[in-house]
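# Coordinates in review
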Amino acid sequence: MLNFHTNARALYGASFAVFLLLSLIVAVGPAYWAQENNAPLPGSRELSEQEQLGQHIYISEGCVACHTQQVRPVPSDEVFGRPAVPADFARFKPKDAFVQAPSLLGSQRTGPDLTNIGKRQPSEIWQNMHLYNPRTVVPDSVMPSHPWLFKEVDTPRPGQTVVQLPEGFGPANGRAVVTTEQSEALVAYLLSLKQDPLPEGSAMGAKKGGAKADDKGGGDLGASVYATSCASCHQDKGQGMPGVFPPLVGDPVVIDEDPSDHIRIVLEGLQGKEINGVAYASPMTAFAAILDDKEIAAVVNHERTSWGNDAPTVTPADVAKIRATLDKK
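Residues numbered from 1 in each chain as written. Predicted model: local features only at pLDDT ≥ 70, side-chain atom pairs only at ≥ 80, totals over all residues. Heavy atoms only, no water.

### Overview of the overall build of the protein chain
- Scanning the protein chain from N- to C-terminus turns up 10 helices and four strands.
- Each helix and strand of the protein chain, placed in order from N terminus to C terminus, yields the pattern α-α-α-α-β-β-α-α-α-α-β-β-α-α.
- If you line up the protein chain on its principal axes, its C-alpha atoms span 90 × 55 × 35 Å.
- Going through the 329 residues of the protein chain one by one, you find that 39% of them count as buried.
- Taking as baseline every contact in the protein chain between residues at least 6 positions apart, the subset at least 24 positions apart corresponds to 66%.
- Each charge sign in the protein chain was given a centre, from 28 positive and 37 negative side chains, and these centres are 5 Å apart. (Helix = DSSP H or I, 4+ residues; strand = E, 2+ residues; numbered from the N terminus. Buried < 20%, exposed > 50% of the residue type's maximum accessible area, 1.4 Å probe, protein only. Contact = heavy atoms within 4.5 Å. Lys, Arg positive; Asp, Glu negative; His and termini not counted. Charge placed at Lys NZ, Arg CZ, Asp CG, Glu CD.)

Below is the structure:
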């Protein structure tokens, strides 16, 4: 009979055995089960070599300290995408027996969740501006600037990507700012962050998020959707950014009596369109797979009735009607 009061080895051995058993039951077993029973979602893919470099930079720059990559099933997270499911993380695997899977989920939500940032903000132009100095596109942002990821040059060489900066945000010496291998890799990684759709009829619960709105849309919902999905480019008062992102104030599509093109652009996105004589290179996000009909009707109405705009509003049924025509293409 072992006597733990007099046999130190027995006490140590028994304690260690209990520790191992509890670790297997509480941590190792559930983790192994989750890994074996959650295959990657159809349509998901491994990161490219450039995106892997960007992921490494994302971690080394400490982005995970302020940003999460796990959408919660709560109303405040609905603007970031659908609630996360275990299969979303099936590709997060240890690189080898000695290197654990990268810690990317995060727990601090100082900044927005980035799970779906590649769909919510697909513009490389915007991402470069935001990384160089977040205040260029989000005036009240508290995110630190990352100018060391870019390079200043007197004259950009052919093929170099120049970061478009508003007046007052560029180098004081007047030099141009161009992207580097590091900034391009980080942007490539951010643009790769896209939620894959859940399989039809999946038991994973493809419940689409979405705040409630009345049939006319608009109101608080429209302002909320605009603030989280549109204001980063079109700015908080719809004034846009000269030569980079078009204004919505007085825009011919936004104030048109016929809202069809306005709804269609929000659903499909837009790129390369010349507006009032200005060609905008940055692509606009297609929100058809991100926002439901009520949310799109609400934000369209917010844009058509704010900042001096005064155009007829739309209903979720109007959005559904145009969405149906897109589905047939």
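And the narrative resumes.
### A few points about the packing of helix α2 (residues 49-60) against helix α5 (residues 181-192)
- Contact geometry for α2 and α5: axes closest at 7 Å, N-to-C directions at 100 degrees. With respect to their mutual orientation, α2 and α5 come out roughly perpendicular. On α5, the residues touching Q50, E51, L53, G54, Q55, I57 and Y58 of α2 are E181, Q182, E184, A185, L186, A188, Y189, L190 and S192.
- Residue composition of the contact of α2 with α5, grouped by class: eight nonpolar, five polar and three charged. (Axes fitted to C-alpha atoms, helices over the stretch in contact; angles between N-to-C directions. Parallel < 35°, antiparallel > 145°, perpendicular 65-115°, else oblique. Nonpolar A, V, L, I, M, F, W, Y, C, P; charged D, E, K, R; others polar.)

### Some points on the packing of aromatic side chains
- The final tally for this structure, using the stated rule, is six aromatic pairs.
- Ring centres of Y226 and W307 lie 5.1 Å apart, and the angle between their planes is 55 degrees; on these two criteria the pair is classed as tilted. Here Y226 is found in helix α6 (residues 219-229), whereas its partner W307 is found in the loop between α9 (293-304) and α10 (316-327), with 81 residues between them in sequence.
- Y226 sits in the buried class, given a relative accessible area of 2%.
- Three or more aromatic residues link up through ring pairs in this structure, and these residues are Y12, F16 and F19. (Phe/Tyr/Trp six-rings, centres within 6.5 Å; stacked < 30°, edge-to-face > 60°.)

### Examining the environment of S23
- By the secondary structure assignment, S23 is in helix α1 (residues 8-36).
- What makes S23 partly exposed here is its relative accessible area of 24%.
- At 2.9 Å, the side chain of S23 and the backbone oxygen of F19 are in polar contact. (Polar contact = N/O pair within 3.5 Å; in protein donor to acceptor, adjacent residues only side chain to side chain.)

### Quick notes on the environment of H302
- Considering the arrangement of structural elements, one finds H302 in helix α9.
- When its relative accessible area of 17% is taken as the criterion, H302 is described as buried.
- The spatial distance from the C-alpha of H302 to the C-alpha of V162 is 34 Å, given a sequence separation of 140 residues.

### Here we look at the nonpolar core
- By size, the foremost hydrophobic cluster in this structure holds 27 residues, and its most contacted members are Y58, M129, F150, L186, L190 and F245.
- Listing elements by their share of this core, those giving two or more residues are α2, α4 (124-132) and α5.
- Counting residues per element, this core draws most heavily on α5, which supplies six residues.
- Apart from residues lying up to four places away in sequence, F245 is in contact with S123, W126, M129, V137, C233, G240, Y280 and S282. (Core = buried A, V, L, I, M, F, W, Y, C linked by side-chain atoms within 4.5 Å.)

### Some remarks on unusual backbone geometry
- Within the chain, Q235 stands out as a residue other than glycine whose phi angle is a positive 70 degrees.
- With respect to the helices and strands, Q235 occurs in the loop between α7 (231-234) and α8 (260-268).
- Non-glycine residue W307 carries a positive phi angle of around 60 degrees.
- Taking the relative accessible area as the measure of exposure, W307 reaches 24% and is therefore partly exposed.

### Description of the pattern of salt bridges
- For the structure shown, the criterion picks out nine salt bridges.
- Salt-bridge contacts for R72 lead to D77; the nearest nitrogen and oxygen are separated by 3.0 Å.
- The exposure class of D77 is buried, given its relative accessible area of 2%.
- Ionic contacts of the salt-bridge type, sharing partners, join the residues R72, D77, R109 and D113 into one network. (Salt bridge = Lys/Arg side-chain N within 4 Å of Asp/Glu carboxyl O.)

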